[in-house]
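For reference, the chains in residue letters:
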Amino acid sequence: MDDFENPENMPEENKPERKSIAASLITAQAVCTVIILIAVLVMKYFFGGYYKTVKKWYDKNFCAETSISEVLEDSGGERDEI
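Residues numbered from 1 in each chain as written. Predicted model: local features only at pLDDT ≥ 70, side-chain atom pairs only at ≥ 80, totals over all residues. Heavy atoms only, no water.

Tallying secondary structure elements over the chain gives 3 helices and 0 strands in all. Walking the chain from its N terminus toward its C terminus, one meets helices and strands in the order α-α-α. The buried share of the chain, taken over its 82 residues, is 2%. Element-wise, carbon and sulfur atoms account for 60% of the exposed surface of the chain, whose accessible area totals about 8000 Å². (Helix = DSSP H or I, 4+ residues; strand = E, 2+ residues; numbered from the N terminus. Buried < 20%, exposed > 50% of the residue type's maximum accessible area, 1.4 Å probe, protein only. Areas by Shrake-Rupley, 256 points an atom, 1.4 Å probe, with all protein chains shown as cover.)

Structure (structure tokens):
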């Protein structure tokens, strides 16, 4: 086994930086969010009919009202009264 396989044994100039990994992840998430936002705005202002269809589908499937009792019943838990 090579001594340099373990990051602890690597010379300082070759160690992967944890800060750069976190920054890369945050940057990727921000870029994806901006792309999704731009896509929604373009769809809303240039393809209004399609936007209404997608919004209706989204509201039906993701924004449906759910009561806490439904969630607890499905998970097998019980509701404690305070």
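As a further point, take the environment of Lys 44. On the secondary structure map, Lys 44 appears in helix H1 (residues 18-46). In the structure, Lys 44 is positioned 10 residues away from Val 54 in sequence and 9.9 Å away in space, judged by C-alpha atoms.

For the rest of this paragraph, the subject is a nonpolar patch on the surface. On the surface, a cluster of nonpolar side chains totalling about 990 Å² of accessible area is made up of Val 34, Leu 37, Ile 38, Leu 41, Val 42, Tyr 45, Phe 46, Phe 47 and Tyr 50. Sort the elements by how many residues they give to the nonpolar patch and H1 lands first, with 7 residues. Mapped onto the secondary structure, Phe 46 falls in helix H1. (Patch = residues over 30% accessible without salt bridge, like charges linked within 9 Å, V, L, I, M, F, W, Y side chains within 5 Å. Salt bridge = Lys/Arg side-chain N within 4 Å of Asp/Glu carboxyl O.)

Moving on: the pattern of salt bridges. Per the counting criterion, the structure on display carries 1 salt bridge. With a closest N to O distance of 3.1 Å, Asp 59 and Lys 55 form a salt bridge. In this pair, Asp 59 and Lys 55 both sit in helix H2 (residues 48-62), 4 residues apart, roughly one turn of the helix. Among the residues examined, Asp 59 registers a relative accessible area of 32% and is labelled partly exposed. Relative accessible area serves as the criterion here: at 38%, Lys 55 is assigned to the partly exposed category.

Any residue range with low pLDDT should be treated as having predicted coordinates unsuitable for detailed reading. On average, residues of the chain score 78 in pLDDT, and 62% of them reach the 70 mark or higher. Put simply, helix H3 (residues 68-75) is where the chain has its lowest mean pLDDT, 70, and H1 is where it has its highest, 92. (pLDDT = per-residue confidence, 0-100.)

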